[in-house]
Amino acid sequence: MVVNVEKRLLTVAEYHKMAEVGILDPDDRVELIKGEIIKMSPLNSPHTSPVKRITSLMYQLFGNRLTISVQDPITIEDHSEPEPDIALLAFSKDFYAERHPRPEDVILLIEVADSTVAKDQQLKLPLYAEAGIKEYWIVNIVEKQLEVYQQPKDSSYTIQKIYTSRDQVRLENLGATINVNSILG
């Protein structure tokens with residue numbers, strides 16, 4: 001017998017209030033996805049090293065033309081506030097001091113996945129596609145590949161490409177070509 005239960009989903013404002021009053025500790029590694037608080041994996045060297053490498057590469061390529069965000073929240077509608085590993089955002093003089101970036105500010109989201117490949121493919125990909133995030137990358141450490149998702153439609157992307165360390169990936173809207181090896185290491 002299947003029992004359907006109605007969940008009480010949190011809003012972004014309620015999620016922020018939980019942090020403000022101490023229900024969520026600043027050291028808690030959590031994010032809000034579709035109204036639910038989801039635990040994030042602990043940060044380990046196999047994960048943080050590529051994040052640092054990619055961040056450095058993005059600063060070299062784009063300098064101050066963009067706002068580069070590292071493991072910071074993106075507010076998606078009223079029930080989601082994921083924290084992608086890296087986000088290339090439209091330039092903001094105040095570095096988004098008044099609000100977290102929203103999907104319309106995002107040029108590219110990047111998730112580095114070691115133990116989180118399934119979560120990044122099955123939970124975050126549909127969320128980002130539904131939000132209209134134009135381009136989403138998963139740096140798949142396990143398979144040693146870069147997964148590129150473009151042109152969101154509904155809860156998926158119409159273009160999906162896999163790159164290996166021998167390939168180059170083109171960021172059309174930024175006019176840049178990147179050696180995938182410089183991302184995978």
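Residue numbers here run from 1 along each chain, matching the order of that chain's written sequence. Since the coordinates come from a predicted model, pLDDT governs what is reported: local features require at least 70, and pairs of side-chain atoms require 80 or more to be given and counted, while whole-chain, interface and lining totals use all residues. Calculated side-chain values reflect all of the structure's heavy atoms, with hydrogen atoms and water omitted.

(A) The arrangement of empty space enclosed by the protein in detail. The pocket and cavity definitions rest on a 1 Å grid over protein atoms only: a 1.4 Å probe that fits but cannot leave marks a cavity, an open set with protein on both sides within 12 Å along at least five of seven lines marks a pocket, and residues lining either have an atom within 4 Å of a point. Grid points are joined across faces, edges and corners, and a volume is the space filled by probe spheres set on the points. Under the definition given, this model contains one cavity of 30 Å³ or more. Looking at the largest cavity, its volume works out to about 160 Å³. Every residue lining the largest cavity is counted, 17 residues in all, and those nearest its centre are R29, S41, H47, D85 and T116. Every element with two or more residues in the lining of the largest cavity is listed here: β5 (106-113) and α3 (117-131). Counting residues per element, the lining of the largest cavity draws most heavily on α3, which supplies three residues. Each residue gets one label: Ala, Val, Leu, Ile, Met, Phe, Trp, Tyr, Cys and Pro are nonpolar, Asp, Glu, Lys and Arg are charged, and the others, such as Gly, are polar. Split by residue class, the lining of the largest cavity holds four nonpolar, four polar and nine charged. Counting from the N terminus, the helices are DSSP H or I runs at least four residues long and the strands are E runs at least two residues long.

(B) Local environment of the layout of surface pockets. Quantified by volume, the largest pocket comes out at close to 240 Å³. Top element by residues in the lining of the largest pocket is helix α1 (residues 12-20). It accounts for three residues. By residue class, the composition of the lining of the largest pocket is six nonpolar, two polar and five charged.

(C) Structural detail: the nonpolar core. By size, the foremost hydrophobic cluster in this structure holds 26 residues, and its most contacted members are M58, L88, W137, L146, V169 and I183. Among the elements that take part in this core, helix α2 (residues 45-62) stands out by supplying five residues, more than any other. In plain words, nonpolar cores are sets of buried Ala, Val, Leu, Ile, Met, Phe, Trp, Tyr and Cys residues tied together by side-chain atoms within 4.5 Å. Under the scheme applied here, a residue whose accessible area is under 20% of the maximum for its type counts as buried, over 50% as exposed, and between as partly exposed, the area being computed with a 1.4 Å probe on protein chains only. Judged by nonpolar contacts, the second largest core, of 20 residues, contains I74, A131, I133 and Y149.

(D) Spotlight on the sheet that holds strand β4 (residues 86-90). Strand pairing requires that DSSP identify at least two bridges connecting the strands. The sheet built from six strands is open, its strands ordered β3-β4-β5-β6-β7-β8 with mixed pairing. Each of the sheet's edge strands pairs with one partner strand only, and the pair in question is β3 (66-70) and β8 (156-163). In this sheet, neighbouring strand axes are inclined to one another by 15 degrees on average, regardless of whether the strands run parallel or antiparallel. The pairing of β5 with strand β6 (residues 135-140) spans five bridges and is classified as parallel. Counted as the bridge partner of I110 is W137 from β6. Whether two residues touch is decided by their heavy atoms; if any such pair falls within 4.5 Å, the residues are in contact. Axes, fitted as lines to C-alpha atoms, cover a helix only where it is in contact. Angles between the N-to-C directions of the axes lie from 0 to 180 degrees. α2 rests against β3, β4, β5 and β6 of the sheet, and its axis sits at about 155 degrees to β5.

(E) Examining the pattern of salt bridges more closely. Throughout this description, the term salt bridge denotes a Lys or Arg side-chain nitrogen within 4 Å of a carboxyl oxygen of Asp or Glu. Across all of its chains, the model carries nine salt bridges by this definition. Linking K124 and E111 is a salt bridge whose minimum nitrogen-to-oxygen distance equals 2.9 Å. Note that K124 is positioned in helix α3 and E111 in strand β5, a separation of 13 residues in sequence. Look at K124 and you get buried, because its relative accessible area is 2%. By relative accessible area, which is 3% here, E111 ends up buried. Two residues, R170 and E172, come together in a salt bridge whose shortest N-O distance is 3.8 Å.

(F) Representation of the pairing of β5 within the structure. Burial analysis of β5 places eight of its eight residues in the buried class, which makes it a mostly covered element. When the strands point away from the viewer, a crossover counts as right-handed if the path from the first strand over the helix to the second runs clockwise. Crossover handedness for the path β5 to α3 to β6: right-handed.

(G) Region of the structure containing α3. One less than the residue count of a helix, multiplied by 1.5 Å, gives the span that helix is expected to have. In a regular helix each residue adds 1.5 Å, so 15 residues correspond to 21 Å; α3 covers 20 Å between its end C-alpha atoms and thus fits that length. Along α3, the largest kink reaches about 40 degrees and is centred on K124; proline P126 follows within four residues of it. Considered for burial, the residues of α3 that qualify are V117, D120, K124, L125, P126, L127, Y128, A129 and A131. On its buried side, α3 packs onto β1 (30-33), β5, β6, β7 (145-153) and β8. Phi turns positive, to about 85 degrees, at G132, one or two residues after α3. What the bend at a residue measures is the angle between two axes, fitted to the seven residues ending there and to the seven starting there.

(H) Quick look at α1. Listed in full, the buried residues belonging to α1 are V12, Y15 and M18. Angular distribution of buried residues about the axis of α1 spans 115 degrees; they occupy a single face of the element. Structural note: α1 exposes A13 and E20 on the side pointing more than 90 degrees away from its buried face. Packing partners of the buried residues in α1 comprise β1 and β2 (36-39). Among the residues trailing α1, G22 stands out with phi positive, at a value near 95 degrees. Here, the arc refers to the directions that run from the helix axis to the C-beta atoms.

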